[in-house]
Amino acid sequence: MKTYIFENGIFFTNEDHEMLLSYMNNTSKKKSLFSMDDDLSEREKDVVKLICQEFTNHEIAEKLFISPRTVESHRQRAIEKIGAKNTVGIVIYAIVNNIYSPA
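Residues numbered from 1 in each chain as written. Predicted model: local features only at pLDDT ≥ 70, side-chain atom pairs only at ≥ 80, totals over all residues. Heavy atoms only, no water.

K.L.:
Is there a simple way to think about the pattern of salt bridges in this case?
P.N.:
Where charged atoms of side chains with opposite charge meet at close range, the side chains can pair. Inspection of every chain in the model, using the stated rule, returns five salt bridges. The residue Glu72 makes a salt bridge to Arg75 at a minimum N-O spacing of 3.9 Å. Highlighted residues: Glu72 and Arg75, both in helix α5 (residues 68–82), separated by three residues, approximately one helical turn. A relative accessible area of 34% places Glu72 in the partly exposed class. Judged by relative accessible area, which is 13%, Arg75 ranks as buried. Beyond isolated ion pairs, a larger network of salt bridges with shared partners links Glu44, Arg77 and Lys81. (Salt bridge = Lys/Arg side-chain N within 4 Å of Asp/Glu carboxyl O. Helix = DSSP H or I, 4+ residues; strand = E, 2+ residues; numbered from the N terminus. Buried < 20%, exposed > 50% of the residue type's maximum accessible area, 1.4 Å probe, protein only.)

Right under this line is the structure:
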């Protein structure tokens, strides 16, 4: 398995790297995922930022003083709103839309 570690210490498996390249090189996906109006609520953005920092639902719940079930609801709504399929899609969206900066 090939892995990529970038200057800022972000680790990607080969599958993650391929998915990122696929999103970045596919103009229809780029338009649908990256060029949409920002529909995320402030709380959803808070959850997305913490997801990008690799916190679990339970840890996010503790940090934001909400239940893990509420975190999961925010995560699921974010996925639906941005058209992502999984957490990697959330992270890509957050980085491209300046919600989260890995540096």
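Read on for the rest.
K.L.:
Explanation requested: the packing of helix α3 (residues 42–52) against helix α4 (residues 57–64) in the structure shown.
P.N.:
The angle between the axes and the distance between the axes are what describe a pair of packed helices. At a closest axis distance of 10 Å, the pairing of α3 and α4 adopts a crossing angle of 130 degrees. In terms of orientation, α3 and α4 fall into the oblique class. The way α3 lies across α4 gives a crossing that is right-handed. Between α3 and α4, the residues in contact are Arg43, Asp46, Val47, Leu50 and Ile51 and Ile60, Lys63 and Leu64, respectively. (Axes fitted to C-alpha atoms, helices over the stretch in contact; angles between N-to-C directions. Parallel < 35°, antiparallel > 145°, perpendicular 65-115°, else oblique. Left-handed = near helix turned anticlockwise from the far one by under 90°. Contact = heavy atoms within 4.5 Å.)

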